[in-house]
Amino acid sequence: MRSIRRRAQLAAVAALGAVLSAQMLAGAAQADVAVTTTLTVVAEGLNAPRGLYYDAGLGQVLVAEAGVAAENTNPCGFAERGLPMCFGRSGSVFRYSESGAPSQRIITGLPSTALQGGPTVVIGLHDLNVRDGELIASFGLLGSRPYRDSLGPAAVPLGQIARISMAGKVKPFGDVATFIDQRYPNNLESDPYGLATGDYGTVVANAGGHTSQGNNLLLVRPNGEITELAQFPDRPSLTDPTDTITAVPTTVAQGSDGAFYVGELTGAPFYAGEARIWRVVPGQPATVFAQGFSTIIDIAFDQQGRLVVLQTGANPFNNTLDGALIRIESGGTRTLLASTGLRNPGGVVVAGPNRFYVTTFNASGGGVGQLVRVDIS
């Protein structure tokens, strides 16, 4: 995840976590709508769960699991900022059935990497969708093309958009890492994160790069051709004008107007209230759609066309901090749908007019993640 790039060290960021969490929620404007929220844990034991896909017809939720800590005996290399990361095959796809049928991992052995000798940071399967009977997936990298090469041939899907058959065969077809390496020299990192699919192909938020290059929105066509739709440059911080904010786009959703909406995490130290949602119309400059958010990790549109925004914890690597699920109403006001109990959330999907599924403990080293049903009345 691109967010660990900035100069603040993880320990310092963790110390700020509780304060920023309170600021984050206080800064979320609320509409005059009274809601009652019920959180129900429907699945546990997940491995760094992130993006979700909801199949209404089958009544099931598919969860992207990035993986667990890797063995130090596996191939290792140096990711962004010189972080030592080791390769593994611990990524998976988990299926939860609303009918009460047994939940289980339906695909295992997917490529992943994990931080060596420190707080567990797992990079791997970040998001997924279903198209023409196959999964369309984004595999993160948190590094450059040469770094991926150092992990060996089994790591090739990392930094790519891939098709995954229901039998578990991975077929990469959109090499984001190579595209960034060729477009922006000097070994810029790539980290394909959230995605949206349609007749146009796959649009992916690339949470990689630095300075004014690499934090972008990319269109990956079915034949693998990649086009840059938007670039999200650095900007001065409103909290500390002497500091610079890196956008770090993590999520994208297409609206009913055909435009793509992009949420950003921002880089450390994750200033509260400074994350934005961008509106991107291909061929036009990106514009700011909404601002005043913090650490956006996912967005989705509900059946009424309202945008639902998921903020992860104030420190995205601290599993003890609550995030927030916020809905932008048609008039622009905001309703806080849920917060307490949404520990370090990683993805959200709309399952009905007042029902959502959210993954929690997304930065875990494996085995403690959850799938939570959020019911609103």
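Refer to the structure presented above.
Quick summary incoming for the structure in this document.

### Thoughts on the overall build of the protein chain
Here is step 1 of the chain: Looking only at helices and strands, the protein chain has three helices and 28 strands in total.
Here is step 2 of the chain: Within the protein chain, the proportion of its 377 residues that are buried is 59%.
Here is step 3 of the chain: The contacts in the protein chain between residues at least 6 apart in sequence include a share of 54% that link residues at least 24 apart.

### Some details on the state of the cysteines
Here is step 1 of the chain: Counting across every chain of the model gives one disulfide.
Here is step 2 of the chain: The partner cysteine of C76 in its disulfide is C86, sulfur to sulfur 2.0 Å. Classification of the bridge connecting C76 and C86 rests on its S-S torsion, roughly 95°, and on that basis the disulfide is right-handed. Here C76 is found in strand β4 (residues 76-78), whereas its partner C86 is found in strand β5 (residues 84-97), with 10 residues between them in sequence.

### What about the pattern of salt bridges?
Here is step 1 of the chain: As enumerated under the stated definition, the model contains 14 salt bridges in all.
Here is step 2 of the chain: Notably, a salt bridge pairs E329 with R306, separated by 3.3 Å at the nearest N-O pair. One end of the pair, E329, is in the loop between β24 (324-328) and β25 (334-338); the other, R306, is in the loop between β22 (296-301) and β23 (307-311), with 23 residues separating them in the sequence. As far as burial versus exposure is concerned, E329 and R306 are alike and both buried.
Here is step 3 of the chain: For the salt bridge of D322 with R343, the shortest nitrogen-to-oxygen distance reads 2.9 Å. Placement of the pair is D322 in the loop between β23 and β24 and R343 in the loop between β25 and β26 (347-352), with a sequence separation of 21 residues.
Here is step 4 of the chain: What makes D322 buried here is its relative accessible area of 17%.

Criteria and thresholds
Residues numbered from 1 in each chain as written. Predicted model: local features only at pLDDT ≥ 70, side-chain atom pairs only at ≥ 80, totals over all residues. Heavy atoms only, no water. Helix = DSSP H or I, 4+ residues; strand = E, 2+ residues; numbered from the N terminus. Buried < 20%, exposed > 50% of the residue type's maximum accessible area, 1.4 Å probe, protein only. Contact = heavy atoms within 4.5 Å. Disulfide = S-S within 2.5 Å. Salt bridge = Lys/Arg side-chain N within 4 Å of Asp/Glu carboxyl O.

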